[in-house]
Amino acid sequence: MAPAPISPINVGHIDDVQELRKFKPNTIPQRFIRDIQERPTQATALISSSDIPTIDLSKLLKGNRDEILHLYSACEEWGFFQVINHGIALNLLENIEGKAMEFFRLPLEEKQKYQMAPGTVQGYGQAFVFSEHQKLDWCNMFALGVIPDSIRNNLLWPKKPTNFSNTVEIYSKEVRKLCQNLLKYIALGLGLKKDLFEEAFGVAVQAIRMNYYPPCSRPDLVLGLSPHSDGSVLTVLQQGKGSSVGLQILKDDKWVPVQPIPDAFVINIGDTMEVVTNGRFKSVEHRAVTHKHSDRLSIVTFYAPSYDIELGPMPEFVDKKNPCKYRRYNHGEYSKHYVTNKLQGKRTLEFAKIPTKNSC
Ligand SMILES: O=C(O)CCC(=O)C(=O)O
Ligand SMILES: [Fe+2]
């Protein structure tokens, strides 16, 4: 038998946070303790989370002009909004949440059958860890590439819990339609033709990540998920019912907690949307914090262009006043760059930035 390939990446020992919580509930290993400036101080934002825009998809689907403009300003001013009346069956939201929790509650040996290999982002474990010196997040993740087939790793689709994979498939189809609809109305809000984005992105790549944050005895010292922007065009986030508030977004240099609206999705603009709109819409840095007594689940869908697509700022967003801020590149390369670097604010977008004020 050929020897197993040795990964060139040494990530050191990564404690499973659910196991830590179970067997050593008051221990926080050093690798989880953040440097002082990174610790989640109380989010003393002047902006309240109720200011984060709420978009009513049913109004968009009726062509309601005010709602389309509301969506436009949500993208421009916030880069984050919640969507209500999205039309996705509530029992599907419950099912996916139930399956995710069943998965996380499986014995560690069962989950480890789908272990994320060091330096990769699919499977069970902690993504974005590339060195043994890197700080760890207080989070267990389970991530899968869903569309197209070429990004799927069938070995990582779990056999337990029953119906897990089928539920992910059905859920992903519905969330895909939601993304396609939102992109249409975002284009209309920009005064552009409704298929502009969809035509530019080819067969969109879609991935799902479930993040489980157990309670932590010292939430003041750790982060659930390091600050980052997403590499996607759009991200769709479902928060577990009854989960503690944990998602925070950086607005005017302050961390603003996102108070989930029951049954709504939280949507955010990703780096790719920032690039194609030449910075008109900006991806927003966000992070997750933990809670002393409650756990939290988030189910996150990333919707991005096909890896074959060459992209850059669309001509509609470039003129004398707005010269190109980003170069053209292949999205597959950007994606690779994103998943092979640790989460560090908006650092990965440097890949696309044009350093001087020259044009595309
Ligand atoms: O759990 C959350 O609320 C944040 C998740 C997130 O930002 C991500 O998975 O990219
Ligand atoms: Fe994110």
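Here the structure is a predicted model, which means the values were calculated and not measured. (Residues numbered from 1 in each chain as written. Chains lettered and ligands numbered in written order. Predicted model: local features only at pLDDT ≥ 70, side-chain atom pairs only at ≥ 80, totals over all residues.)

Colleague: Quick rundown of the overall build of the protein chain? Include the residues and the values.
Modeller: A count of helical and extended segments in the protein chain gives 9 helices and 14 strands. For 360 residues, the compact-globule estimate of 2.2 N^0.38 gives 21 Å, and the C-alpha radius of gyration of the protein chain, at 20 Å, lies within 12% of that figure. Considering only C-alpha atoms, the protein chain reaches an extent of 60 × 45 × 45 Å along its principal axes. Among the 360 residues that make up the protein chain, the fraction classed as buried is 39%. For the protein chain, long-range pairs separated by at least 24 residues make up 79% of all intrachain contacts whose partners lie at least 6 apart in sequence. (Helix = DSSP H or I, 4+ residues; strand = E, 2+ residues; numbered from the N terminus. Rg over C-alpha atoms; globule rule 2.2 N^0.38 Å. Buried ≥ 20, exposed ≤ 12 C-beta atoms within 10 Å, placed from the backbone. Contact = placed C-beta atoms within 7 Å.)

Colleague: Let's hear about the site of ligand 1: which residues, and what values?
Modeller: Taken together, Arg209, Asn211, Leu225, Asp230, Leu237, Gly246, Leu247, His286, Ala288, Ser298 and Val300 are the residues near ligand 1. Elements that contribute at least two residues to the shell around ligand 1 include exactly strand E5 (205-213), strand E11 (286-288) and strand E12 (296-304). For the shell around ligand 1, a count of residues per class yields 5 nonpolar, 4 polar and 2 charged. (Near = placed C-beta within 6 Å. Nonpolar A, V, L, I, M, F, W, Y, C, P; charged D, E, K, R; others polar.)

Colleague: Run through the environment of Leu108, naming residues and quoting values.
Modeller: As for its placement among the helices and strands, Leu108 is situated in helix H5 (residues 108-111). Residues Leu108 and Gly270, spaced 162 residues apart in sequence, show a C-alpha to C-alpha distance of 32 Å. Once residues within four sequence positions are removed from consideration, Leu108 is found in contact with Asp16 and Glu19.

Colleague: If you had to explain the UniProt feature "domain: Fe2OG dioxygenase" (unreviewed entry) in the protein chain to someone new, which residues and values would you point to?
Modeller: Those places that UniProt annotates as "domain: Fe2OG dioxygenase" (unreviewed entry) correspond, in this numbering, to residues 203-305. Measuring from the first to the last C-alpha atom of residues 203-305 gives 7 Å, for a span that is 6% helix and 44% strand. (UniProt positions renumbered as here; feature names shortened; annotations may be inferred.)

Colleague: Describe the sheet that holds strand E10 (residues 265-269), with residues and values.
Modeller: Ordered in space as E1-E2-E10-E7-E12-E5-E4-E3, the 8 strands form an open sheet in which the pairing is mixed. Where the open sheet ends on each side, the last strands, each with one partner, are strand E1 (54-56) and strand E3 (123-125). Within the sheet, the average angular offset between the axes of one strand and its neighbour, ignoring direction, is 25°. Bridging between strand E4 (residues 140-147) and E5 involves 7 bridges; their strand directions are antiparallel. Paired with Ile147 across the two strands is Gln206, which belongs to E5. (Pairing = 2+ DSSP bridges. Axes fitted to C-alpha atoms, helices over the stretch in contact; angles between N-to-C directions.)

Colleague: How would you summarise the sheet that holds strand E9 (residues 254-257) if you had to cite specific residues and measurements?
Modeller: Pairing in this open sheet of 4 strands is antiparallel, and the strands run E6-E11-E8-E9 from one edge to the other. This sheet does not close on itself; its edge strands, each paired only once, are strand E6 (225-228) and E9. Sheet twist, expressed as the mean angle between neighbouring strand axes with direction ignored, is 25°. When strand E8 (residues 247-251) meets E11, the two strands line up antiparallel, connected through 3 bridges. In the sheet register, Leu247 faces E11, and the bridge partner there is Ala288.

Colleague: Give me the lowdown on helix H3 (residues 65-78), citing residues and values where you can.
Modeller: For H3, with 14 residues, the first-to-last C-alpha span of 19 Å sits near the 20 Å given by 1.5 Å per residue. Three or more residues of H3 are buried, namely Leu71, Ala74, Cys75 and Trp78. Angularly, the buried residues of H3 cover 115° about the axis, an arc narrow enough to put them on a single face. Those residues of H3 that are exposed and aimed more than 90 degrees away from the buried face are Arg65, Asp66, Leu69 and Ser73. Considering only its buried residues, H3 is in contact with E1, helix H2 (57-61), strand E2 (80-84), helix H6 (164-189) and E10. Of the residues flanking the end of H3, it is Gly79, one or two places downstream, whose phi is positive at about 70°. (Expected span 1.5 Å × (residues − 1). Arc of directions from axis to C-beta.)

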